[in-house]
Amino acid sequence: SDYVFPDLTYLERWEFAGSHPSVTAKVQPIRQPVIAPLTETVTVFGEEQPLSFETMLLGLAEKLELPGFGPDGFDKGKPFAKAEDFYLMMAANVAAGDKEDPVPDASAEEIELFLRSRAHLPKTVFDAERWKQIVGDDWWARTVYVLNRGGRFSGSTYDGDKLKNPYGKQLNLFQEKTHKAVNA
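Residues numbered from 1 in each chain as written. Predicted model: local features only at pLDDT ≥ 70, side-chain atom pairs only at ≥ 80, totals over all residues. Heavy atoms only, no water.

Q: I would appreciate a short explanation of the packing of aromatic side chains in the present structure.
A: Note on aromatic pairs: each is described by the distance of the centres and the angle between the planes. Here the structure, examined in full by the defined rule, presents 11 aromatic pairs. Each ring, one from Phe 16 and one from Tyr 87, has its centre 6.0 Å from the other, and the planes form 10°; the classification is stacked. Of this pair, Phe 16 sits in strand E1 (residues 15-16) while Tyr 87 sits in helix H2 (residues 83-96), and the two are 71 residues apart along the sequence. Ring-pair connections join several aromatic residues into one group, and the members of that group are Trp 14, Phe 16, Phe 69, Phe 74, Phe 80, Phe 86, Tyr 87, Phe 114, Phe 126, Trp 131 and Trp 140. Arg 142 extends its terminal NZ or CZ atom over the ring of Trp 139, reaching a point 5.1 Å from the ring centre. Seen from the ring of Tyr 145, Arg 149 lies directly overhead, with NZ or CZ sitting 3.5 Å from the centre. (Phe/Tyr/Trp six-rings, centres within 6.5 Å; stacked < 30°, edge-to-face > 60°. Helix = DSSP H or I, 4+ residues; strand = E, 2+ residues; numbered from the N terminus. Lys NZ or Arg CZ within 6 Å of the ring centre and 35° of its normal.)

Encoded structure:
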């Protein structure tokens, strides 16, 4: 039999889109909810949240009592009860960069803009205090810096006449369909 699960549109969900190999700059775009989802609200691990693919997976984890999920899913006091718990930790990792180059803290004005621009969202989608608790006080302003910009984007791609961010490993390009095709 078939199962049909409702999911969120691109304006209602989180997404970490990767970059294409032809993009030579270090980039990590981050899509985040900008409108309230049209799906119903459900409760998983005691947290109200919009029904989505991630919520369904978390609900299954709750029913199956899987380790690594719930109020202490990531660690003691670090929940993995909502999809945003995972995505906010990823955003904080993007803010941290390669350890030597974390982004700067967002200014008080920028944090205020961040909060005002999400004021229309229901608490099931945006809860500033909960978000701050997820990433921690030390990383909150830097995470806001990244989220306000829709990700992290390196401006420079070349160091002299060489790529600033060259591929670190062997790159293999092979497509079996193309290889077997005539007149490819």
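Here the narrative resumes.
Q: Help me understand the sheet that holds strand E7 (residues 151-153) in this model?
A: Across a sheet, strands are paired by hydrogen bonds formed along the backbone, either parallel or antiparallel in direction. Spatially, three strands are ordered E1-E2-E7 in an open sheet, and the strand pairing comes out antiparallel. Every interior strand has two partners, whereas the edge strands, E1 and E7, have only one. Two elements, strand E2 (residues 27-31) and E7, share three bridges in a ladder whose sense is antiparallel. Bridging across to E7, Gln 28 finds its partner in Arg 152. (Pairing = 2+ DSSP bridges.)

Q: Please explain the environment of Asn 93 as it appears in this structure.
A: Note on placement: Asn 93 falls in helix H2. Accessibility expressed as a relative area gives 55% for Asn 93, which makes it exposed. (Buried < 20%, exposed > 50% of the residue type's maximum accessible area, 1.4 Å probe, protein only.)

Q: What am I meant to see in the packing of helix H3 (residues 108-117) against helix H5 (residues 137-148) here?
A: Any two packed helices are characterised by how steeply their axes cross, that is the angle between the axes, and by the distance between the axes. Close contact between H3 and H5 brings their axes to 10 Å; oriented N to C, the two are set at 60°. Crossing geometry of H3 relative to H5 is assigned as left-handed. Together, Glu 110, Ile 111 and Phe 114 of H3 and Trp 140, Ala 141, Val 144, Tyr 145, Leu 147 and Asn 148 of H5 make up the contact between the two elements. Residues of the contact of H3 with H5, tallied by class, amount to seven nonpolar, one polar and one charged. (Axes fitted to C-alpha atoms, helices over the stretch in contact; angles between N-to-C directions. Left-handed = near helix turned anticlockwise from the far one by under 90°. Contact = heavy atoms within 4.5 Å. Nonpolar A, V, L, I, M, F, W, Y, C, P; charged D, E, K, R; others polar.)

Q: Before we go on, may I ask you to explain the side chain of Gln 32 in this structure?
A: Looking at where Gln 32 falls in the secondary structure, it is placed in the loop between E2 and strand E3 (41-44). On the basis of relative accessible area, Gln 32 is assigned to the buried category, the value being 9%. Within the structure, the side chain of Gln 32 is placed 2.8 Å from the backbone oxygen of Leu 147, a separation counted as a polar contact. Non-local contacts of Gln 32, meaning those with residues more than four positions away in its chain, are made with Leu 11, Arg 13, Trp 14, Phe 114, Arg 118, Leu 147 and Gly 150. (Polar contact = N/O pair within 3.5 Å; in protein donor to acceptor, adjacent residues only side chain to side chain.)

Q: What is the right way to look at the pairing of strand E4 (residues 47-50) in this model?
A: Residues in a regular strand project their side chains so that they alternate between the two faces of the sheet. Where E3 meets E4, four bridges bridge the pair, whose relative direction is antiparallel. Across the sheet, Thr 41 pairs through a bridge with Pro 50, a residue of E4. In this antiparallel pair of consecutive strands, E3 and E4, the connection spans two residues, and Phe 45 shows a positive phi of 55°.

Q: Is there a simple way to explain H2 in this structure?
A: Each full turn of the α-helix corresponds to 3.6 residues, which orients residues three or four apart in the same direction. Its 14 residues give H2 an end-to-end C-alpha distance of 20 Å, which sits within 8% of 20 Å, the value for a rise of 1.5 Å per residue. The element H2 is extensively covered by neighbouring structure, given that 10 of its 14 residues are classed as buried. Looking at H2, one finds that the buried residues are Ala 83, Glu 84, Asp 85, Tyr 87, Leu 88, Ala 91, Ala 92, Val 94, Ala 95 and Ala 96. Gly 97 occupies a position one or two residues after H2 and carries a positive phi of about 65°. (Expected span 1.5 Å × (residues − 1).)

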